[in-house]
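A look at the structure
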Amino acid sequence: MHKAQDPLFAERVRASFARQQAMNLIGARMAVVEAGYTEIHLPYKPEVTQQYGYIHGGIVGMIADSAAGYAANTLTAADTEVLTVEYKLNLLAPAEGPLLIAEGSVVRYGRTLIVTRAEVFAVSHGRKNLCALMQQTIMAVYGKHPAKT
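Let me sum up the structure you'll find in this document. (Residues numbered from 1 in each chain as written. Predicted model: local features only at pLDDT ≥ 70, side-chain atom pairs only at ≥ 80, totals over all residues. Heavy atoms only, no water.)

1. Some points on the overall build of the chain
- For the chain, the count of helices and strands is three helices and six strands.
- The secondary structure elements of the chain, listed N-terminal to C-terminal, are α-α-β-β-α-β-β-β-β.
- Taking 2.2 N^0.38 as the reference for a compact globule, 149 residues should give roughly 15 Å; the C-alpha atoms of the chain span a radius of gyration of 15 Å, in line with that estimate.
- If one aligns the C-alpha atoms of the chain with their principal axes, the spans along those axes are about 45 × 30 × 25 Å.
- For the chain, with 149 residues in total, the buried portion stands at 43%.
- Sequence separation of at least 24 residues holds for 65% of the intrachain contacts in the chain that already meet a minimum separation of 6.
- In the structure as shown, the chain presents an accessible area of about 7900 Å², 56% of it carried by carbon and sulfur atoms. (Helix = DSSP H or I, 4+ residues; strand = E, 2+ residues; numbered from the N terminus. Rg over C-alpha atoms; globule rule 2.2 N^0.38 Å. Buried < 20%, exposed > 50% of the residue type's maximum accessible area, 1.4 Å probe, protein only. Contact = heavy atoms within 4.5 Å. Areas by Shrake-Rupley, 256 points an atom, 1.4 Å probe, with all protein chains shown as cover.)

Next comes the structure, spelled out in structure tokens:
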């Protein structure tokens, strides 16, 4: 189990997520924030689909990247931000259904590099179907303050 350095991590992470215009644009919301774990929920919207009506793989990657990145950010100090260095995304099944859930978690927390993972599920009729799996490397940026919007 991971331990948060900042007792106000949940408020800090939610405030950062609220500043992400990209997440607002696609209609994503942060549903769960725990130490080392977050969930981003994305309701189906025709505007984020590809030609067959599935949620576009780029959008799946967006919510996976943010869920895992924010999972890392839950463990950082209050004056530390995170940036994605790289990620590998496997699309396993069509992102099809009324809701996508990206579950981000920390695999290994280091001083500079944090390894995370995300699983993205398409939820339909109460069943979760794994549609994407991602592994990510995050860089901790000390003393970084978020941009004002």
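2. Thoughts on the pattern of salt bridges
- Per the stated rule, a full pass over the model turns up three salt bridges.
- The partner of D6 in a salt bridge is R12, with the nearest N and O atoms 2.7 Å apart. For the pair D6 and R12, a shared accessibility class is recorded, and that class is buried.
- A salt bridge links R117 to E119, with the nearest nitrogen and oxygen atoms 3.1 Å apart. (Salt bridge = Lys/Arg side-chain N within 4 Å of Asp/Glu carboxyl O.)

3. Some words on the environment of E47
- Among the structural elements, E47 can be located in the loop between β2 (37–43) and α3 (57–73).
- On the basis of relative accessibility, which here comes to 63%, the residue E47 falls in the exposed class.
- Taking the C-alpha atoms as reference, E47 lies 37 Å from T112; in sequence the two are 65 residues apart.

4. Side note on the side chain of T38
- Structurally, T38 can be placed in strand β2.
- Residue classification places T38 among the buried residues on the basis of a relative accessible area of 0%.

5. Topic: the packing of aromatic side chains
- Considering all chains together, one arrives at one aromatic pair under this definition.
- Taking the centre distance of 5.9 Å and the plane angle of 70 degrees together, the rings of F17 and Y70 count as edge-to-face. Placement of F17 in helix α1 (residues 9–18) and of Y70 in helix α3 is noted, with a sequence separation of 53 residues between them.
- Residue F17 is classed as buried on the basis of its relative accessible area, which comes to 9%.
- Residue Y70 is classed as buried on the basis of its relative accessible area of 7%.
- Across from the ring centre of F121, 4.4 Å away, lies the NZ or CZ of K128, which sits over that ring. (Phe/Tyr/Trp six-rings, centres within 6.5 Å; stacked < 30°, edge-to-face > 60°. Lys NZ or Arg CZ within 6 Å of the ring centre and 35° of its normal.)

6. Focus on the sheet that holds strand β5 (residues 113–124)
- Spatially, six strands are ordered β1-β2-β4-β5-β6-β3 in an open sheet, and the strand pairing comes out antiparallel. Bordering the open sheet on either side are β1 (29–34) and β3 (80–91), each of which pairs with just one other strand. Going across the sheet, the axis of each strand differs from the next one's by a mean of 25 degrees, ignoring polarity. (Pairing = 2+ DSSP bridges. Axes fitted to C-alpha atoms, helices over the stretch in contact; angles between N-to-C directions.)

7. Overview of unusual backbone geometry
- Phi angles above zero are rare outside glycine, and H125 is one such case at about 55 degrees.
- Counting through the fold element by element, H125 comes out in the loop between β5 and β6 (127–142).

The quantities given are spatial measurements derived from coordinates; they are silent on function.
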